[in-house]
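Examination of the molecular architecture
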Amino acid sequence: MFMNVAIIGFGNAVVNYHLPYLDKKENIKVKTIYRREEDRVGDTERELLYPEIAFSTNFEDILQDDEIELIVVATHVDSHVEYAKQALEHGKHVLVEKPFASTSVEAKAVFELANRKNLIAMANQNRRFDGDFLTLKK
């Protein structure tokens, strides 16, 4: 059994961090990546490097896909809260890139919605266990 994941965005964080990490996990499958149509202009060749992943320019495709359990929000911070809220409203867990939200009020609203829906919403802290950060922590 594995978890189906969708990712919103296809920038450096997705290509260099999320996809290589998730590719090593046998119990997680990236099913779909959502990209806005305007973000694809002149940049569709990279999609061909991931033939097992469906790319969509329709966010509703992800929201309505009952197989997708988790949505990773890896876009500019000004869209994090809106995407997270929509995902939660459609019964999806969310992992949101840093910064999670622009304000603590917005973050609190997302966490409260997740609690009401009995879902998980969390910020991605992908660097907290890197060797350089652990050394600095000492």
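The rules behind the values
- Residues numbered from 1 in each chain as written.
- Predicted model: local features only at pLDDT ≥ 70, side-chain atom pairs only at ≥ 80, totals over all residues.
- Heavy atoms only, no water.
- Phe/Tyr/Trp six-rings, centres within 6.5 Å; stacked < 30°, edge-to-face > 60°.
- Helix = DSSP H or I, 4+ residues; strand = E, 2+ residues; numbered from the N terminus.
- Buried < 20%, exposed > 50% of the residue type's maximum accessible area, 1.4 Å probe, protein only.

Section: the packing of aromatic side chains
Two aromatic rings are characterised by how far apart their centres lie and by the angle between their planes. Scanning all chains against the criterion turns up 6 aromatic pairs. Taken together, a centroid distance of 5.8 Å and an interplanar angle of 85° make the contact between Phe10 and Tyr50 edge-to-face. Residue Phe10 is found in the loop between strand E1 (3–8) and helix H1 (12–23), and its partner Tyr50 is found in the loop between helix H2 (37–40) and strand E3 (54–56); the two are separated by 40 residues along the sequence. Given a relative accessible area of 5%, Phe10 falls into the buried group. When the ring of Tyr34 is compared with that of Phe59, the centres are 5.3 Å apart and the planes differ by 50°; the resulting orientation is tilted. Here the residue Tyr34 occupies a position in strand E2 (residues 28–34), and Phe59 occupies one in helix H3 (residues 59–63), the gap between them amounting to 25 residues. Put simply, the rings of Phe10, Tyr50 and Phe55 touch in pairs and so form one group of aromatic residues.

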